[in-house]
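Fold and contact review
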Amino acid sequence: MTKSKISSKVVRARSLAIYELEQFINYVRTVDPELEPDQAIVLTAYVLSDLPNLFQQNPELVDRVKEKATNIKLKHRASNS
């Protein structure tokens, strides 16, 4: 079985996502400073799993994501011009 090569853009994007996830875990620990690190990670996973429901209940969040997606695509197109 051959491994598919992961582009450097995907590696950078994953690194950014991991960094932001760590920042969010740190934020969760400020909500309840008594949480152990593993507990904060589990709580963060719960929050992430509930995000689709949050988006469904708050259409303005979906609009913000769509707006950001548009900005990302426009930036990509501009850099490729």
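Not measured: the values here are computed from a predicted model.

What counts, and where the lines are drawn
Residues numbered from 1 in each chain as written. Predicted model: local features only at pLDDT ≥ 70, side-chain atom pairs only at ≥ 80, totals over all residues. Heavy atoms only, no water. Helix = DSSP H or I, 4+ residues; strand = E, 2+ residues; numbered from the N terminus. Rg over C-alpha atoms; globule rule 2.2 N^0.38 Å. Axes fitted to C-alpha atoms, helices over the stretch in contact; angles between N-to-C directions. Parallel < 35°, antiparallel > 145°, perpendicular 65-115°, else oblique. Contact = heavy atoms within 4.5 Å. Nonpolar A, V, L, I, M, F, W, Y, C, P; charged D, E, K, R; others polar. pLDDT = per-residue confidence, 0-100. 1 Å grid on protein atoms, 1.4 Å probe; cavity = no way out; pocket = protein on both sides within 12 Å on 5 of 7 lines; lining within 4 Å. Points joined across faces, edges and corners; volume = space filled by probe spheres on them. Phe/Tyr/Trp six-rings, centres within 6.5 Å; stacked < 30°, edge-to-face > 60°. Buried < 20%, exposed > 50% of the residue type's maximum accessible area, 1.4 Å probe, protein only.

Take the overall build of the protein next. A tally of regular secondary structure across the protein gives four helices and zero strands. Put simply, the protein runs from its N terminus to its C terminus through helices and strands in the order α-α-α-α. Relative to the compact-globule value of 12 Å for 81 residues, the protein shows a C-alpha radius of gyration of 17 Å, a clear excess of over 25%. Oriented by its inertia axes, the alpha-carbon framework of the protein measures out at about 50 × 40 × 25 Å.

This part covers the packing of helix α1 (residues 8-31) against helix α2 (residues 37-49). For any two helices packed against each other, one specifies the inter-axial angle together with the distance between the axes. Put simply, α1 and α2 touch, their axes get as near as 9 Å, and they point 110° apart. Here α2 runs roughly perpendicular to α1, going by the angle between their axes. Two secondary-structure elements touch here, α1 through Leu21, Phe24, Ile25, Val28 and Arg29 and α2 through Pro37, Ala40, Ile41, Leu43, Thr44, Val47 and Leu48. Residue classes in the contact of α1 with α2 are distributed as ten nonpolar, one polar and one charged.

Now for the confidence of the model for the protein. The pLDDT averaged across the protein works out to 93; a share of 96% of its residues lies at or above 70. Mean pLDDT values over the elements of the protein span from 93, in helix α4 (residues 59-79), up to 97, in α2.

Right, let's get into the layout of surface pockets. Quantified by volume, the largest pocket comes out at close to 400 Å³. Around the largest pocket, the lining residues are Lys9, Arg12, Ala13, Leu16, Lys68, Asn71, Ile72, Lys75, His76 and Ser79. At the level of elements, α1 and α4 are the ones that each hand at least two residues to the lining of the largest pocket. Tallying contributions element by element places α4 first for the lining of the largest pocket, with six residues. Grouping the amino acids of the lining of the largest pocket by side-chain chemistry returns three nonpolar, three polar and four charged. Mapped onto the lining of the second largest pocket, the elements with two or more residues apiece are α3 (51-57) and α4. Class assignment for the residues of the lining of the second largest pocket results in five nonpolar, no polar and one charged.

Our focus in this paragraph is the packing of aromatic side chains. This model, assessed by the stated rule, comprises one aromatic pair. Look at Phe24 and Tyr27: their rings are 6.1 Å apart centre to centre, the planes differ by 25°, and that puts the pair in the stacked class. Residue Phe24 and its partner Tyr27 are located together in helix α1, separated by three residues, close to a single helical turn. Exposure remark for Phe24: the relative accessible area of 29% places this residue in the partly exposed category.

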